[in-house]
Amino acid sequence: MASVSDPASKSAWKIWRDRRGRFSPLRLATLLLLLFPLAKTVYDAHLIMGGARPINDMIHRAGFWALIFLGLTLAVTPFRGIMRYGALIDVRRMIGVGTFCYIAVHLALFVADQRFDVAAAVHEITHRVYLTIGAVAWLGLAVLAATSNDAMVRRLGGLRWRRLHQIVYAVVLLALIHYFQQTKADVTVPTFAAGLFLWLMSYRFASRRQDDNLSALRLLALAVAVSALTFAGEAIGIGFAFHVSPLRVLTTAFDFRAGIRPGWEVLGAGLCVVVLDLIRSYWLRRLPRTNVRAAAAE
Ligand code: HEM
């Protein structure tokens, strides 16, 4: 077993190094990405402290970035396939643990906002539905973070570990409900986020039998289908909330005066992936065969 004075255990803290102890630019870039929201908060400190509710502002920032990093964790597998960039898998765990760090800060700030009165915080969480839902998602993320290490993979066995980590889908769903419920007025951004998560889930489902890769045509079909579902979901939601016909809401999709609807943004994101796939395929076709294998394993 490695002791604390053991050089191997010391290098475990150097997360910019890969498993073999070599410097990894990808890991360093991921670390910087994970630290970006923290740096931005420090940079915006004068704005935050000058605002009416500084702690609430930081609660929003931490929750927002946690959701972004949760999405990035799920995006690693599809993009590894689309970009034929195997090395991406090396940073998935890092982003997942980073997600949990932000969500831990999110909860800690909530307790701070209750003047560190833990009983009051628990009372709020158990009496407000959107907080209860957030808390269940929080617990799910805690389980995922606690089991995201080699020792737990060995202890549980690959199959059980993979099955356990399927709870990430429930976590995403609960986190999105929490996001929608805490948004008081305009739900454009949560709807866009929901559309992107739907794309990620649908990709995983569609690529299960396809060796992790979907053809450009299938990616195009996925982009159109997910965009259509986003439009439909938004129309049903607005129809339900304002007692109007969802079909009437759908007819406003081409009215760009009030802004671009999230369904179009989801379509745009899906089409970007198609273009990325085409560029990568074109580039791989031009490489000699031996380099193709090396590029995929990178
Ligand atoms: C015990 C668990 C949680 C508590 C107590 C909590 C509490 C809160 C509170 C108080 C807000 C601000 C609401 C307002 O100002 O009206 C908020 C917003 C938010 N929370 Fe949570 N939350 C929890 C878990 C989560 C989880 C697990 C996620 C997702 C990974 C999450 C993501 C968000 C997001 C995205 C926002 C909105 C950020 C924005 O305005 O852009 N929260 N949460």
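A quick note: this is a predicted structure, and the numbers were derived from the prediction, not measured.

Trainee: Explain the overall build of the protein to me, please; I cannot follow it from the model alone.
Mentor: Broken down by element type, the protein carries 15 helices and zero strands. Taken against the 2.2 N^0.38 rule, which gives 19 Å for 298 residues, the C-alpha radius of gyration of the protein at 21 Å falls within 12% of a compact globule. When its C-alpha atoms are laid out on the principal axes, the protein stretches across 60 × 50 × 40 Å. By the burial criterion, 35% of the 298 residues in the protein qualify as buried. Long-range pairs, those at least 24 residues apart, make up 63% of the contacts in the protein with a sequence separation of at least 6. For the protein, the accessible area works out to roughly 18400 Å², and carbon and sulfur atoms hold 68% of it. Each charge class in the protein can be summarised by its mean position, and for the 34 positive and 17 negative side chains these summaries are 9 Å apart.

Trainee: Help me understand the environment of T147 in this model?
Mentor: For T147, the position within the fold is in the loop between helix 7 (129–146) and helix 8 (150–156). The buried category is assigned to T147, whose relative accessible area is 7%. When the C-alpha atoms of T147 and W161 are compared, they prove to be 8.1 Å apart, with 14 residues separating the residues in sequence. Residue contacts for T147: discarding those within four places in its chain leaves M152, L156, W161, L164 and H165.

Trainee: What's the story with helix 14 (residues 262–286) in this structure? I'm lost.
Mentor: Residues spaced three or four apart along an α-helix point in a common direction, a consequence of the helix completing one turn every 3.6 residues. For helix 14, which comprises 25 residues, the first-to-last C-alpha distance of 37 Å matches the rise-based estimate of 36 Å (1.5 Å per residue) to within 8%. Within the sequence span of helix 14, burial applies to P262, G263, V266, L267, G270, V273, V274, D277, R280, S281 and L284.

Trainee: How do you make sense of the packing of aromatic side chains when you look at a structure like this?
Mentor: The geometry of two aromatic rings is summed up by the distance between their centres and the angle between their planes. Taken as a whole and judged by the stated rule, the model has nine aromatic pairs. An angle of 80 degrees between the planes, with centres 5.1 Å apart, marks the rings of F231 and W264 as edge-to-face. In this pair, F231 is assigned in helix 12 (residues 216–242) and W264 in helix 14, connecting sequence segments 33 residues apart. Summarising the aromatic geometry, the rings of F256 and W264 are spaced 6.1 Å apart at their centres and angled 45 degrees between planes, so their arrangement reads as tilted.

Trainee: Any chance you could explain the pattern of salt bridges here in plain terms?
Mentor: Opposite charge on two side chains makes pairing possible when the charged atoms of those side chains draw close. Tallying each qualifying case throughout the model produces 11 salt bridges. One salt bridge in this structure joins D90 and R27, with 2.8 Å as the shortest N-O distance. Taken together, the residues D90 in the loop between helix 4 (54–82) and helix 5 (92–113) and R27 in helix 2 (residues 25–43) connect sequence positions 63 residues apart. Exposure remark for R27: the relative accessible area of 13% places this residue in the buried category. Taken together, the shared-partner salt bridges in this structure form one network comprising K40, D44, D57 and R61.

Trainee: Hey, could you run me through the site of the ligand in this one?
Mentor: Around the ligand lies a shell of 21 residues, among which N56, H60, H106, H178 and K184 are the nearest. Taking H60, its side chain carries an N or O atom lying 2.5 Å from an oxygen atom of the ligand. A distance of 2.8 Å is found between a nitrogen atom of the ligand and a side-chain nitrogen or oxygen belonging to H106. At the level of elements, helix 4, helix 5, helix 7 and helix 10 (167–182) are the ones that each hand at least two residues to the shell around the ligand. A per-element tally of the shell around the ligand places helix 7 first, with seven residues.

Trainee: Quick question: what am I supposed to make of helix 7 here?
Mentor: Here helix 7 is 18 residues long and its end C-alpha atoms lie 26 Å apart, about the 26 Å a rise of 1.5 Å per residue gives. Taken as a whole, helix 7 has its buried residues at L131, I133, G134, A137, G140, L141, A142, L144 and A145. The secondary structure elements touched by the buried residues of helix 7 are helix 4, helix 5, helix 6 (118–127), helix 9 (158–164) and helix 10.

Trainee: Looking at this structure, how should I read the nonpolar core?
Mentor: Among the nonpolar cores identified, the biggest contains 42 residues, and L70, F197, W199 and L219 are the most heavily contacted of them. Put simply, the parts of the chain that give this core at least two residues each are helix 2, helix 4, helix 5, helix 7, helix 10, helix 11 (188–206), helix 12 and helix 14. When near neighbours in sequence (up to four residues on either side) are disregarded, F197 contacts L67, L70, G71, L74, V172 and L176.

Trainee: Is there a simple way to explain the coordination of the iron atom of the ligand in this structure?
Mentor: Tetrahedral coordination by four donors puts the ideal angle at the metal at 109.5 degrees, and octahedral coordination by six puts it at 90 or 180 degrees. Those donors, H106 (NE2) and H178 (NE2), are the protein atoms that reach the iron atom of the ligand, and they lie 2.0 to 2.1 Å from it. What the six donor atoms of the iron atom of the ligand show is an angle range of 86 to 179 degrees at the metal, which sorts the shape as octahedral. With a gap of 72 residues between them, H106 in helix 5 and H178 in helix 10 connect regions that are remote in the sequence. With relative accessibility at 17%, the residue H106 sits in the buried group.

Trainee: How do you make sense of the packing of helix 6 against helix 7 when you look at a structure like this?
Mentor: When two helices pack together, their arrangement is given by the angle between their axes and by how far apart the axes lie. Where helix 6 contacts helix 7, the two axes come as close as 5 Å, and the packing angle between them is 100 degrees. The angle between helix 6 and helix 7 falls in the class roughly perpendicular. The residues of helix 7 that touch helix 6, namely those facing E124, I125, T126 and H127, are V129, L131, T132 and A135. Among the residues forming the contact of helix 6 with helix 7, the class breakdown is four nonpolar, three polar and one charged.

Calculation rules
Residues numbered from 1 in each chain as written. Predicted model: local features only at pLDDT ≥ 70, side-chain atom pairs only at ≥ 80, totals over all residues. Heavy atoms only, no water. Helix = DSSP H or I, 4+ residues; strand = E, 2+ residues; numbered from the N terminus. Rg over C-alpha atoms; globule rule 2.2 N^0.38 Å. Buried < 20%, exposed > 50% of the residue type's maximum accessible area, 1.4 Å probe, protein only. Contact = heavy atoms within 4.5 Å. Areas by Shrake-Rupley, 256 points an atom, 1.4 Å probe, with all protein chains shown as cover. Lys, Arg positive; Asp, Glu negative; His and termini not counted. Charge placed at Lys NZ, Arg CZ, Asp CG, Glu CD. Expected span 1.5 Å × (residues − 1). Phe/Tyr/Trp six-rings, centres within 6.5 Å; stacked < 30°, edge-to-face > 60°. Salt bridge = Lys/Arg side-chain N within 4 Å of Asp/Glu carboxyl O. Near = heavy atom within 4 Å. Polar contact = N/O pair within 3.5 Å; in protein donor to acceptor, adjacent residues only side chain to side chain. Core = buried A, V, L, I, M, F, W, Y, C linked by side-chain atoms within 4.5 Å. Donors = N, O, S within 2.8 Å, 3.2 Å for Na, K, Ca; no water. Tetrahedral: all angles 85-135°; square planar, octahedral: opposite > 155°, others 65-115°. Axes fitted to C-alpha atoms, helices over the stretch in contact; angles between N-to-C directions. Parallel < 35°, antiparallel > 145°, perpendicular 65-115°, else oblique. Nonpolar A, V, L, I, M, F, W, Y, C, P; charged D, E, K, R; others polar.

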